[in-house]
Amino acid sequence: MDVSGYFYAVGTETDSIKFSSINVEAGPDYGNWTGLQFHDFIDDMQLSFFEIKNGGNNTTWPYAAIGIWNRYDYSKTTISNGIITGSASSGFQAESNNWWDEYGKPHYYFGVEIKLQHLKIYNNQQYGILINNYAENQKVIIEDCEINDNANAIVISYFLDES
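Since this is a predicted model, take the numbers as computed values, not measurements.

### Here's the deal with the pattern of salt bridges
- One pass over the structure, following the stated rule, counts 3 salt bridges.
- Across the pair glutamate 113 and lysine 115 runs a salt bridge, and its minimum N-O distance is 3.9 Å.
- A relative accessible area of 13% places glutamate 113 in the buried class.
- One salt bridge connects glutamate 113 with lysine 139, and the closest N-O pair in it is separated by 3.9 Å. Taken together, the positions of glutamate 113 in strand β11 (residues 113–122) and lysine 139 in strand β13 (residues 139–143) put the pair 26 residues apart, joining distant regions of the chain.
- Salt bridges here are not isolated pairs; linked through shared partners, they connect Glu113, Lys115 and Lys139.

### Considering the environment of aspartate 29
- One can find aspartate 29 in the loop between β3 (17–19) and β4 (36–41).
- The exposure class of aspartate 29 is partly exposed, given its relative accessible area of 39%.
- Sequence separation between aspartate 29 and alanine 88 is 59 residues, and the spatial gap between their C-alpha atoms is 8.4 Å.
- Contacts of aspartate 29, omitting those with residues within four sequence positions, involve Asn54 and Gly86.

### Some details on the environment of asparagine 133
- Tracing the backbone through its elements, the reader meets asparagine 133 in strand β12 (residues 127–134).
- Judged by relative accessible area, asparagine 133 falls into the buried class, the value being 18%.
- Along the backbone, asparagine 133 and tyrosine 108 are 25 residues apart, and their C-alpha atoms lie at a distance of 9.6 Å.

### A short note on the nonpolar core
- Judged by nonpolar contacts, the single largest core of 27 residues is most densely connected at Leu47, Phe50, Ile52, Ile66, Ile79 and Phe92.
- Setting aside residues up to four positions removed in sequence, phenylalanine 92 forms contacts with Ala64, Ile66, Ile68, Ile79, Ile114, Leu116, Gly128, Ile129, Leu130 and Ile131.

### Looking at the pairing of strand β7 (residues 76–85)
- In this structure, strand β5 (residues 45–53) lies alongside β7, joined through 8 bridges in parallel fashion. Following the sheet pairing, phenylalanine 50 is matched in β7 by glycine 82.
- One ladder, built from 9 bridges, connects β7 with β11; its direction is parallel. Paired with isoleucine 83 across the two strands is lysine 120, which belongs to β11.

### With respect to the confidence of the model for the protein chain
- With 88% of its residues at a pLDDT of at least 70, the protein chain reaches an overall mean of 84.
- No element of the protein chain has a lower mean pLDDT than strand β9 (residues 98–100), at 71, and none a higher one than strand β14 (residues 146–148), at 96.

### Concerning unusual backbone geometry
- For histidine 118, which is not glycine, the phi dihedral falls at a positive 55°.
- Locating histidine 118 in the fold gives a position in strand β11.
- With a phi angle near 60°, asparagine 123 is a residue other than glycine that sits in the positive phi range.
- Mapped onto the fold, asparagine 123 is located in the loop between β11 and β12.

Conventions adopted
- Residues numbered from 1 in each chain as written.
- Predicted model: local features only at pLDDT ≥ 70, side-chain atom pairs only at ≥ 80, totals over all residues.
- Heavy atoms only, no water.
- Salt bridge = Lys/Arg side-chain N within 4 Å of Asp/Glu carboxyl O.
- Buried < 20%, exposed > 50% of the residue type's maximum accessible area, 1.4 Å probe, protein only.
- Helix = DSSP H or I, 4+ residues; strand = E, 2+ residues; numbered from the N terminus.
- Contact = heavy atoms within 4.5 Å.
- Core = buried A, V, L, I, M, F, W, Y, C linked by side-chain atoms within 4.5 Å.
- Pairing = 2+ DSSP bridges.
- pLDDT = per-residue confidence, 0-100.

Written out as structure tokens, the structure reads:
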């Protein structure tokens, strides 16, 4: 599911939101749908009390069950109280919160914040969490998450040079 704009999906502890393949007969195939992909938006975003199963494949970038890229200045993202499992790639991926000018120089969005809280991220074939191409002026907060049985638990890389 491709989202470029406002997104607010909050279930409850007893009635969570479930995201999975429409083809439930396909069984537990890793990454049998593209997952939730959020990009190019300024609005704050929230996803809470949810389960995402078998999203994120190896053919559609960013390959994650939940993928986020190009969050604009001062936007906030909160993903909490959820289960992310069965991706053929990453459970969660945040990528490239920057833009490139005509000279090939990167420019970074300011004040971007992503919070991952109270999540269970497991049984994804590559990364539990992948944070890539972030600048030092952007925050990623990971609190009270269980991350296990992924090929790699957490990988974080940053562009630090903003000169």
